[in-house]
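Breakdown of the fold
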Amino acid sequence: MDSSLRPSRTPVATYQLSIQDVFDRLSDREQLYAHHLSRAAWHGARIILRQTSSEGTGIFDFILELHKACDGQWGVFTDRFGITTEELNLFLDYAGMFMSKMNNFCGEGDRKIVPAVSADSLHKMASISPAATVALEAIIQPMLSPTPTALTLSESAYYLGDDKITLDEVATIARVMRLNDLEPENTRIQRGTGDSRVSYKVLQASVESNAELRDHIKGSAFPTEVLWPGNRDDKLDGVIRLVRGDHSAEMAKICEHLLQAVRYSANATQARFILDYLESFTSGSLEAYRRAMKNWVQDVYPRVESILGFVEPYRDPYGVRCEWRGVVSIADLQETAKLTTLVNDSTKFIRTLPWSVPGDNDGKGPFEKTEFNAPAFSVVHALAFVCSNVWEASTLPNYNDIRETYGFKNIVYANRMSANADPSRPLNWISPSESPSFRKVYHVLRFITTSIHELLGHGTGKLLAETSPGVFNFDSNRIPINTLTGNPIQSWYKPGQTWTSVFEKLAGTVEECRAMLISYYLAENKDMLRMYGYDDNTDITADELLYNMYTYIGFQGLRALQAFNEEDHSWGSSHSNADFAILKHLLRDANGLLSVECDADSGTLQVRVDRSKIAEEGKASIGRMLHRIHVWRCTADVTACKQFYEPLSAVQGEEELWRRIVASKPEPAWKFVQANTILTDDGKVQLKVYEESDTGIIQSFADRDL
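In this report, the structure presented in the accompanying data block is examined.

Conventions used here
- Residues numbered from 1 in each chain as written.
- Predicted model: local features only at pLDDT ≥ 70, side-chain atom pairs only at ≥ 80, totals over all residues.
- Heavy atoms only, no water.
- Core = buried A, V, L, I, M, F, W, Y, C linked by side-chain atoms within 4.5 Å.
- Buried < 20%, exposed > 50% of the residue type's maximum accessible area, 1.4 Å probe, protein only.
- Helix = DSSP H or I, 4+ residues; strand = E, 2+ residues; numbered from the N terminus.
- Contact = heavy atoms within 4.5 Å.
- Salt bridge = Lys/Arg side-chain N within 4 Å of Asp/Glu carboxyl O.
- Axes fitted to C-alpha atoms, helices over the stretch in contact; angles between N-to-C directions.
- Parallel < 35°, antiparallel > 145°, perpendicular 65-115°, else oblique.
- Left-handed = near helix turned anticlockwise from the far one by under 90°.
- Nonpolar A, V, L, I, M, F, W, Y, C, P; charged D, E, K, R; others polar.
- Pairing = 2+ DSSP bridges.
- Expected span 1.5 Å × (residues − 1).
- Arc of directions from axis to C-beta.

1. A word on the nonpolar core
Ranked by size, the top nonpolar core spans 109 residues in total, and within it Phe 62, Trp 74, Phe 77, Phe 91, Leu 258, Tyr 277 and Phe 281 carry the most contacts. Among the elements that make up this core, the one with the highest residue count is helix α6 (residues 85–101) (nine residues). Residues in contact with Phe 281, not counting those within four places in the same chain, are Ser 206, Val 207, Met 251, Ile 254, Cys 255, Leu 258, Tyr 289, Leu 308, Gly 309 and Trp 324. One finds Trp 355, Phe 377, Leu 594 and Tyr 645 within the second-largest nonpolar core, a separate group that totals 101 residues.

Pasting the structure below:
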């Protein structure tokens, strides 16, 4: 079996999302609010498992059954069941990774992980109880199988059915859903056959089923169930039905705790968005979820921050269906205050971007909003991060119309960012001579680029649109000038179109690429670096950061290749696709600023930066790529964007050798152990912290009783 599919035999470090100090500073009421929101978030864990693979929930239950049977005393398997210490540690390494990621596809590109132990050893462990034996039999084959290696369209649990769905079918269903004003974020698709005819079910996450909702709103107009009757579209003749009630058990538990949380909300705005959550999660209505987001962005700098729902489409091969995310965090007021200058000076920096036009829109140009609504930029500590990946930061909501009208929030998770300073993380694609200086500044670069990425990367831009027939969000009598061509723009978003509906699977990666490029472009500005406390006289100088930023770009571009799926030439990660596209552009466009040295015999692969070319080539080349994709995004020019971006995403020629070398040295995925909140008999909340280990991760999930 390809070793890249197994957890490393070298133990993978487990990191603590430290939270005790900031949690203790909350009032009793705030702790109760955080507790119930955290419980709501964690009850979405089984949704993530079900969204990922058919065997995910079974593996989860098997691990917990073993824990229950041995009462958390894992040594019993070596003492009484014939398992060696090495086998036990390998299984625990797998189990810790699985539980931390909440699925068996993780790391860059959602690569499958399998336990590095034999079926015989697993059967020995399962013999500890009849329940464990039954649980293992149900999942042992897919659990141990090295295939599928990644979550392609044919394997994704967003698309169910014995007969695999095609991309054309998914695209046609998407058009039908748009005709019915039905958005895809909280849905999955099930393809079925019967009576020689194909049928499709759009499964929508909600507490209530169609029948329950029909009974609940008796006497009112019932929402559509049959979205498409069939025989009226030459691309799809099957009936398409909307079926509510997907993940209903979990959604019900989520709502139970939201009902409790609203009692402890700090203000009316918090109460309103929680009540909107309740309506959305009960009925499946994304209109109610949009209302929740409008209220949520107006809850500025709360002591306890939260975001729940179907948020990011990264893991959907089609790029529109979203994974459950439940994140509850506690504000760090002192660290947040340090970023106030960046927020206040946002407009000044926007005027320096490549599409700015002096005298037009206050110097920002036609492709920016008239008023930049500076977001609430918060540094927080995550209390519960329920997602397949613990992100360093986020910018939400993901609805552009809400961002432009109501604003948005940038949130940086400090207790996740701190893990970047770990000196044991591998730097395989950096020359050994460069590694010490790069490691010294790596966590600084991550913080600077991540915060710019979230604030000005995702926060900038205006999607030019005909918002309704004959109504435009720009002056249609003076068509804006395309700053790339010097001519009036030729395209814009039509009524009902959105960024994701037009750009489809390209939307996620192009947006991440745009945000990354903005962070690199603005980090070249020494005024920006000075705001973070770095200049020519600091211990880490501004020039040192700039040189290492280009090393970082190359490093990220090469390591991204672990997310490329060789079988179907697809990317398993929008971020990784963007990282590689940026590297490939600079290799082609920046006149030798970056180069890659590859030795197939030794299996070495290293990025090199020509320091003498940074000033002349670096920012200019980044700006050329950034300018193009920004304007194309703003004007709905998907054709031009595809022609430019898809070749940069392709892995071919020498790059295929690079990919093989990268795949031969897989980086350990991140493993995090998270605390639990427990409601005590006296009505107070107690925080329980676990040791940084695989057994600590498993114990934390056992205590959650999901």
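2. Brief notes about the pattern of salt bridges
The final tally for this structure, using the stated rule, is 30 salt bridges. In this structure, Arg 530 engages Asp 527 in a salt bridge whose closest nitrogen and oxygen atoms are separated by 2.6 Å. Of this pair, Arg 530 and Asp 527 both sit in helix α22 (residues 526–531), three residues apart, roughly one helical turn. We classify Arg 530 as partly exposed; its relative accessible area is 46%. Classification of Asp 527 by relative accessible area gives partly exposed; the value is 40%. The closest approach of N and O atoms between Arg 624 and Asp 589, which form a salt bridge, is 2.8 Å. Linking Arg 624 in helix α25 (residues 614–634) with Asp 589 in helix α24 (residues 574–589), this pair joins segments that are 35 residues apart in sequence. A relative accessible area of 32% places Arg 624 in the partly exposed class. With relative accessibility at 24%, the residue Asp 589 sits in the partly exposed group. A single salt-bridge network, built from bridges that share partners, covers Asp 93, Lys 671 and Asp 694.

3. Observations concerning the packing of α6 against helix α28 (residues 694–704)
Running from N to C, α6 and α28 point in directions that differ by 45 degrees, and their axes come no closer than 8 Å. If you check the angle between α6 and α28, you find them oblique. For the crossing formed where α6 meets α28, the hand is left-handed. Listed contacts from α28 to Leu 92, Asp 93, Ala 95, Gly 96, Met 99 and Ser 100 of α6 are Asp 694, Thr 695, Ile 697, Ile 698 and Phe 701. For the contact of α6 with α28, the class distribution of residues is six nonpolar, three polar and two charged.

4. Quick look at the sheet that holds strand β10 (residues 323–331)
Strand order in the open sheet formed by five strands is β9-β10-β11-β13-β12, with mixed pairing between adjacent strands. Bordering the open sheet on either side are β9 (304–312) and β12 (393–396), each of which pairs with just one other strand. Across the sheet, the mean angle separating the axes of adjacent strands is 35 degrees when strand polarity is ignored. The pairing of β12 with strand β13 (residues 409–413) spans four bridges and is antiparallel. Within β13, the position partnered with Ser 394 by the bridge is Ile 411. Contacting β9 and β10, helix α12 (residues 268–283) crosses the sheet at an angle of about 25 degrees to β9.

5. Here we look at helix α11 (residues 248–261)
The first and last C-alpha atoms of α11 sit 20 Å apart over 14 residues, in line with the 20 Å expected at 1.5 Å per residue. Of the residues making up α11, those classed as buried are Glu 250, Met 251, Ile 254, Cys 255, His 257, Leu 258 and Ala 261. Down the axis of α11, the sector holding all buried residues measures 170 degrees, keeping them to one side. On its buried side, α11 packs onto α2 (28–42), α3 (45–52), β8 (239–246), α12, β9 and β10.

6. Let's talk about the packing of α12 against helix α13 (residues 286–296)
Across the interface, α12 lies against α13 with an axial gap of 8 Å and an inter-helix angle of 165 degrees. The orientation of α12 with respect to α13, classified from their angle, is roughly antiparallel. Both α12 and α13 take part in a crossing whose hand is left-handed. Here Thr 269, Arg 272, Phe 273, Asp 276, Tyr 277, Glu 279, Ser 280 and Phe 281 of α12 come into contact with α13, specifically with Ala 288, Tyr 289, Arg 291, Ala 292, Met 293, Asn 295 and Trp 296. Of the residues belonging to the contact of α12 with α13, the class tally is eight nonpolar, three polar and four charged.

7. Quick word on the sheet that holds strand β7 (residues 226–228)
Within the open sheet, the five strands sit side by side as β4-β5-β6-β8-β7. Their pairing is mixed. Of all strands in the sheet, those with a lone pairing partner are β4 (159–160) and β7, marking the two edges. The pairing of strand β6 (residues 197–205) with β8 spans seven bridges and is parallel. If you follow Val 202 over to β8, its bridge partner there is Leu 242. Each of β4, β5 (187–194), β6, β7 and β8 touches helix α9 (residues 167–179); the most contacted strand, β6, lies at about 60 degrees to it.

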